[in-house]
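Residue strings, one per chain:
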Protein chains: 2
Amino acid sequence: MKIDATDRKILIELQRDAAQSLDDIAKAVGSSKTPVWNRIRKMKEAGVIGAQTVLLDAEALGFEATFFVLIRTSEHEAEWQNRFLKALRERPEVQEAHRLAGDIDYILKVRVRNARAYDAFYQALISEVKVHNVTALLSMEEIKATVALPL
Amino acid sequence: MKIDATDRKILIELQRDAAQSLDDIAKAVGSSKTPVWNRIRKMKEAGVIGAQTVLLDAEALGFEATFFVLIRTSEHEAEWQNRFLKALRERPEVQEAHRLAGDIDYILKVRVRNARAYDAFYQALISEVKVHNVTALLSMEEIKATVALPL
DNA sequence: TGATATATAGGAAATTGTTCCGCATCTGGG
DNA sequence: CCCAGATGCGGAACAATTTCCTATATATCA
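Since we're looking at a predicted model, the values are computed, not measured. (Residues numbered from 1 in each chain as written. Chains lettered and ligands numbered in written order. Predicted model: local features only at pLDDT ≥ 70, side-chain atom pairs only at ≥ 80, totals over all residues. Heavy atoms only, no water.)

### Describing the pattern of salt bridges
Next, step 1: Across all of its chains, the model carries 24 salt bridges over all chains by this definition.
Next, step 2: Between E142 of chain A and R111 of chain A there is a salt bridge, and its shortest N-O distance comes to 2.5 Å. Residue E142 of chain A is located in strand β5 (residues 133–145), and its partner R111 of chain A is located in strand β4 (residues 106–112); the two are separated by 31 residues in the primary sequence.
Next, step 3: Judged by its relative accessible area of 39%, E142 of chain A falls in the partly exposed class.
Next, step 4: Put simply, E13 of chain B and R16 of chain B hold a salt bridge, and the shortest N to O gap is 2.6 Å. (Salt bridge = Lys/Arg side-chain N within 4 Å of Asp/Glu carboxyl O. Helix = DSSP H or I, 4+ residues; strand = E, 2+ residues; numbered from the N terminus. Buried < 20%, exposed > 50% of the residue type's maximum accessible area, 1.4 Å probe, protein only.)

### Notes on helix α3 (residues 33–45) of chain B
Residues and elements named next belong to chain B.
Next, step 1: If you check α3, its first and last C-alpha atoms are 18 Å apart, about what 13 residues at 1.5 Å a residue would give, namely 18 Å.
Next, step 2: If you check which residues of α3 are buried, you get V36, I40 and M43. One side of α3 holds all its buried residues, which, seen down the axis, span an arc of 65°. Away from its buried face by more than 90 degrees, α3 exposes T34 and E45.
Next, step 3: Contacts from the buried residues of α3 go to α1 (5–16), α2 (22–29) and β1 (49–56).
Next, step 4: G47 occupies a position one or two residues after α3 and carries a positive phi of about 85°. (Expected span 1.5 Å × (residues − 1). Arc of directions from axis to C-beta. Contact = heavy atoms within 4.5 Å.)

### Describing the domain arrangement of chain A
Next, step 1: Taken domain by domain, chain A consists of domain 1 (5–45) and domain 2 (65–138).
Next, step 2: On a C-alpha basis, the centres of domain 1 of chain A and domain 2 of chain A stand 38 Å from each other. (Domains from an automatic or database assignment.)

### Let's talk about the relation of the copies chain A and chain B
Next, step 1: The operation relating chain A to chain B is a screw motion whose rotation component is 180°, with 0.0 Å of axial translation and a residual RMSD of 0.1 Å. Within this description, the copies of the chain are treated as partners about a two-fold rotation axis. Closest approach to the rotation axis within chain A is made by the C-alpha atom of T53 of chain A, at a distance of 2.8 Å.
Next, step 2: Looking at the interface residues of chain A, 100% of them are also at the interface in chain B, so both copies use one shared face. (Least-squares fit on C-alpha atoms with pLDDT ≥ 70 in both.)

### Observations concerning the sheet that holds strand β3 (residues 94–100) of chain A
Pairing between the strands of a sheet comes from backbone hydrogen bonds, and it takes one of two forms, parallel or antiparallel.
Next, step 1: Read once around its circumference, the closed barrel built from eight strands follows the order β2(A)-β4(A)-β3(A)-β5(B)-β2(B)-β4(B)-β3(B)-β5(A), with strand pairing classed as antiparallel. In this sheet, neighbouring strand axes are inclined to one another by 35° on average, regardless of whether the strands run parallel or antiparallel.
Next, step 2: As paired elements, strand β2 (residues 65–72) of chain A and β4 of chain A share seven bridges and run antiparallel to each other. From the neighbouring strand, F68 of chain A faces β4 of chain A, where its bridge partner is K109 of chain A.
Next, step 3: On top of the sheet, helix α5 (residues 115–128) of chain B reaches β2 (65–72), β3 (94–100), β4 (106–112) and β5 (133–145) of chain B; it is set at about 135° to β4 of chain B, its chief contact. (Pairing = 2+ DSSP bridges. Axes fitted to C-alpha atoms, helices over the stretch in contact; angles between N-to-C directions.)

### A look at the protein's contact with DNA strand C
Next, step 1: Near DNA strand C you find S31, S32, K33, T34, P35, R39 and K42 of chain A together with S21, L22, K33, T34 and W37 of chain B, and these make up its full shell.
Next, step 2: Counting only the atoms of DNA strand C within 4 Å of the protein, the fraction contributed by sugar and phosphate is 52%.
Next, step 3: At a separation of 3.1 Å, a phosphate oxygen of DNA strand C approaches a polar side-chain atom of S31 of chain A.
Next, step 4: Between DNA strand C and L22 of chain B there is a distance of 2.7 Å, counted from a phosphate oxygen to a backbone nitrogen or oxygen.
Next, step 5: At the level of secondary structure, the elements contributing two or more residues to the surface near DNA strand C comprise α3 (33–45) of chain A together with α3 of chain B.
Next, step 6: The element contributing the most residues to the surface near DNA strand C is α3 of chain A, with five residues. (Near = heavy atom within 4 Å. Polar contact = N/O pair within 3.5 Å; in protein donor to acceptor, adjacent residues only side chain to side chain.)

### Re the protein's contact with DNA strand D
Next, step 1: Lining the immediate environment of DNA strand D, one finds Q20, S21, L22, K33, T34 and W37 of chain A together with S31, S32, T34, P35, R39 and K42 of chain B.
Next, step 2: Among all atoms of DNA strand D positioned within 4 Å of the protein, those belonging to sugar or phosphate total 65%.
Next, step 3: At a separation of 2.7 Å, a phosphate oxygen of DNA strand D approaches a polar backbone atom of L22 of chain A.
Next, step 4: A distance of 3.3 Å is found between a base oxygen of DNA strand D and a side-chain nitrogen or oxygen belonging to K33 of chain A.
Next, step 5: For the surface near DNA strand D, the class distribution of residues is three nonpolar, six polar and three charged. (Nonpolar A, V, L, I, M, F, W, Y, C, P; charged D, E, K, R; others polar.)

### A short note on helix α5 (residues 115–128) of chain A
Residue and element names in this part refer to chain A.
Next, step 1: Over its 14 residues, α5 runs 20 Å from end to end, which matches the ideal 20 Å to within 8%, given 1.5 Å per residue.
Next, step 2: Within the sequence span of α5, burial applies to Y118, F121 and L125. Seen from one end, α5 has its buried residues packed into an arc of 65°, which puts them on one side. The exposed residues of α5 that point more than 90 degrees off its buried face are R116 and S127.
Next, step 3: Looking at where α5 begins, the residue whose side-chain oxygen comes 3.2 Å from the main-chain nitrogen of R116 is N114.

Structure below.
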């Protein structure tokens, strides 16, 4: 799908605050509500705009530990990989998972209540799928956290 | 702020889809509009619920490269750290930044259009603040990406 | 240029968000 | 055990927003 300058402005506004009214967005992008509404609808249909969600205060809700997990594995067969990906997708503690180029095979971002909960997660994961080497990096401070793309 | 079982159900619904109507949320949590509205308002005031945003398709918008950047530094003075944090917060390519415990001092998640854009970001960053050692991990595949907490 | 397609602004109808009010439930003090 | 005050609930009224329609303007291409 082709995204023009007006679409981009709308996306910037939506990223900033998805709860504002169409009139406000229209004013911000210098248009009126109908074209804005049509453009948003098209971008939703095309999948450019995905879920609409809220960002919660993790610490206020008791999620006080964030780990980045670096995984190396010697297994690279399809069957193993499918089980591994399935395990990651099913575990809600895993907020992000990427397959990497190079030395390290995967990186995960894991949000848990505390170190003990991380250990429980870790034990459960390695009992499900064999991995060669795991390094956990513990976050001491979340300096920045946004989901906005730099449009 | 104290969060009870109903609040938690509301948060789960909001994380799943922040665009649904109050009536739908009320039905999902087994309550009616008014209490749901009051609870949401209180949680917003308390900061438990932060921004409301949309998740965009990064690839469709031309952001085809994601890097995780591991940073070691020998500098740990307040002045240096302030400049470093400021630089990270000002750069929109940096979607996440954490200060870590242990060997590696910081981890960043950086979203850019391509490898060249990453290099430009990298050069700009190290010219602003001196860092000892930088490792960039390139994502080949985003296996999972959610901002939902495992409530 | 003229015909066609596409995007726009404004407004009406339907839906949703917000507020108010009476009622039920819970809590702590006598 | 009972009462007064506080708190939370559901329903209804009102305000605002979304959604859709129509007429007009703008761009496109032969």
